[in-house]
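# Structural features, examined
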Amino acid sequence: MELRQLEHFVAVAEEEHFTRAAERLAVSQSGLSASVRALEQELRTPLFSRTTRSVRLTEAGRALLVEAERTLAGARAARDAVDAVRGLLRGTLSVGVEQCVPGVHLPRLLAAFHRRHPLMEIRLRQEGTTSLVDGVAAGRLDAAFAATVSSVEWRGELLPLAREPMVVLCAPGHRFTAADRVAWDELTGESFIDFHPDWGPRRAADGAFAEARVRRAVGLEVNDVHSLLELVHEGLGIALVPHHFSRKPEARGLTAVALEGPRQPCYESAVVLPAVRAMSPGARELMALLRSGEGT
């Protein structure tokens, strides 16, 4: 079993398509197919269920994917460690990020990293916090800028970035616009607009409602901040969001109302990292730049 075969297998698993995987790896489709077939023959089991329209992992393929990702991440870390000893940073820095994470200016931070380490390729993926935590755990990501991650959920390194209150956001004419504060029980019966459960703001909101023991209905789910703000503008529902969302230009005209009582929901951002001993040289350099103030 070769690393090249595992790279081919992981690419097909992620793309769910041989042609797209071949294009991504810049290899011929016939060569990619032959590599995967050889791996299946060596393991004596099919790794993919193939049809004319789709490619799906078999149970054996799903089991292999976890170990293949760890093996490839270990191989990358080994190469990076050797380069670091030689005074070079080569290879790839894979970073994940939630949208609109407070406490860091990620484009500025990545630009500073690129200036200092031009030989290193930067890859950036925007995903929900749940996927980001899984990505760091599996070795697909060297670091992730996420939100609402608990020490119970993640046992590696967690570097806090920012903490802010969450507020109820509503359109002009809504009954909450005249209030200074809103009680939790007043939210019963309201229709909410929110992100998919994977995203940090939704995780924070769900946790807050569970702690307050208030049930709510999320009628509209979106994947980006601008869509959420537009839907609130149209009066299709209200939203419980991090306070900085209410300061965006697109939120102009909306009203942000604080919640009443001792249960004040908070939105916390953090950098999710592997344990110190498993951190890649690229991630170490990125964190050094962040601590020096390059990403603020």
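Given the structure is predicted, the values throughout are model-derived calculations rather than measurements. (Residues numbered from 1 in each chain as written. Predicted model: local features only at pLDDT ≥ 70, side-chain atom pairs only at ≥ 80, totals over all residues. Heavy atoms only, no water.)

## Examining the overall build of the chain
Stated formally: Secondary structure counts use DSSP, requiring at least four H or I residues in a row for a helix and at least two E residues in a row for a strand, with both numbered from the N terminus. Exposure classes here rest on a 1.4 Å probe applied to the protein chains alone. A residue is buried below 20% of its type maximum, exposed above 50%, and partly exposed in between. The contact rule is simple, with two residues in contact once any of their heavy atoms fall within 4.5 Å. Accessible areas in this description were obtained via Shrake-Rupley with a 1.4 Å probe; residue shielding takes into account the shown protein chains only.
On a plain count of helices and strands, the chain comes out with nine helices and twelve strands. Dimensions of the chain, computed from the C-alpha atoms along their principal axes, are close to 65 × 50 × 35 Å. Residue burial in the chain is summarised as follows: out of 296 residues, 46% are buried. Contacts in the chain between residues at least 24 apart in sequence constitute 72% of all its contacts with a sequence separation of at least 6. Taken as a whole, the chain presents about 15,100 Å² of accessible surface, with 49% of it coming from carbon and sulfur.

## A look at the packing of helix α2 (residues 18-25) against helix α3 (residues 29-43)
Heads up, the condition is: Helix axes are fitted only over the stretch in contact, all axes being lines through C-alpha atoms; the angle between N-to-C directions runs from 0 to 180 degrees. If an angle is under 35 degrees, it is roughly parallel; if it is over 145, roughly antiparallel; if it lies from 65 to 115, roughly perpendicular; otherwise it is oblique. All residues other than Ala, Val, Leu, Ile, Met, Phe, Trp, Tyr, Cys, Pro, Asp, Glu, Lys and Arg, Gly among them, are scored as polar; the first ten of these are nonpolar and the last four charged.
Axis separation between α2 and α3 bottoms out at 9 Å; the angle between their running directions is 105 degrees. Here α3 runs roughly perpendicular to α2, going by the angle between their axes. Residues Phe18, Thr19, Ala21, Ala22 and Leu25 of α2 lie in contact with α3, whose contacting residues are Gln29, Leu32, Ser33 and Val36. Within the contact of α2 with α3, the residues separate by chemical class into six nonpolar, three polar and no charged.

## Observations concerning α3
As a reminder of what qualifies: Here the expected length of a helix is defined as 1.5 Å per residue gap, with one fewer gap than residues. This arc corresponds to the set of directions leading from the helix axis out to the C-beta atoms.
Helix length check: α3, at 15 residues, gives a terminal C-alpha distance of 21 Å against a target of 21 Å (1.5 Å per residue), a fit within 8%. Looking at α3, one finds that the buried residues are Leu32, Ser33, Ser35, Val36, Leu39 and Glu40. In a view along the axis of α3, the buried residues occupy a sector of 160 degrees, so they form one face of it. Exposed positions of α3 whose direction lies more than 90 degrees from the buried face are Ser30 and Gln41. Positive phi shows up at arginine 44, right after α3, with a value of about 60 degrees.

## Some words on the pattern of salt bridges
To be explicit about the condition: In what follows, salt bridge is the name for a side-chain nitrogen of Lys or Arg lying within 4 Å of a carboxyl oxygen of Asp or Glu.
Overall, the coordinates contain 17 salt bridges when judged by the stated rule. Here arginine 50 makes a salt bridge to glutamate 40, at a shortest N to O gap of 3.1 Å. Of this pair, arginine 50 sits in strand β1 (residues 48-50) while glutamate 40 is found in helix α3, placing the two residues ten residues apart along the sequence. A residue is classified by how much of its surface remains accessible, and arginine 50, at 39% relative accessible area, is partly exposed. The class for glutamate 40 is buried, based on a relative accessible area of 10%. Look at the salt bridges and you will find they share partners, linking Asp194, Arg202, Asp206, Arg216 and Glu221 into a network.

## Here's the deal with the nonpolar core
For soluble globular proteins, the rule of thumb is that nonpolar side chains tend to be buried together. Spelled out, the test is: Here the nonpolar core consists of buried residues drawn from Ala, Val, Leu, Ile, Met, Phe, Trp, Tyr and Cys, with membership extended through side-chain atoms lying within 4.5 Å.
Counting residues in hydrophobic clusters, the biggest one holds 21 residues, and the most contacted among them are Leu109, Phe145, Val271, Leu273, Leu286, Met287 and Leu290. Elements with a minimum of two residues in this core: β3 (91-97), α5 (106-116), β5 (143-147), β12 (266-273) and α9 (281-291). Each residue touching leucine 286, except ones within four places of it in the same chain, is listed here: Leu93, Val95, Leu109, Leu110, Phe113 and Phe145. Within the second largest apolar cluster, 20 residues are counted, among which are Val168, Phe176, Ala212 and Tyr267.

## Examining the packing of helix α1 (residues 3-15) against α2
A pair of packed helices can be characterised by two numbers: the angle between their axes and the separation between those axes. To keep things clear, this is the line we draw: The handedness criterion is simple: a crossing whose near helix is rotated anticlockwise from the far helix by less than a right angle is left-handed, and one whose near helix is rotated clockwise is right-handed.
At a minimum axis separation of 8 Å, α1 and α2 run at an interaxial angle of 125 degrees. In terms of their interaxial angle, α1 and α2 are classed as oblique. By crossing handedness, the relation of α1 to α2 is classed as right-handed. Here α1 contributes Glu7, His8, Ala11, Val12, Glu14 and Glu15 to the contact with α2, which in turn contributes Phe18, Arg20, Ala21, Arg24 and Leu25. Across the contact of α1 with α2, the residue classes tally to five nonpolar, one polar and five charged.

## Let's talk about unusual backbone geometry
One non-glycine residue with positive phi stands out, namely alanine 26, at about 60 degrees. Looking at where alanine 26 falls in the secondary structure, it is placed in the loop between α2 and α3. Here the phi dihedral of arginine 213 falls at roughly 60 degrees; this positive angle occurs in a residue that is not glycine. Take arginine 213: it is sitting in the loop between α7 (200-212) and β9 (217-222).

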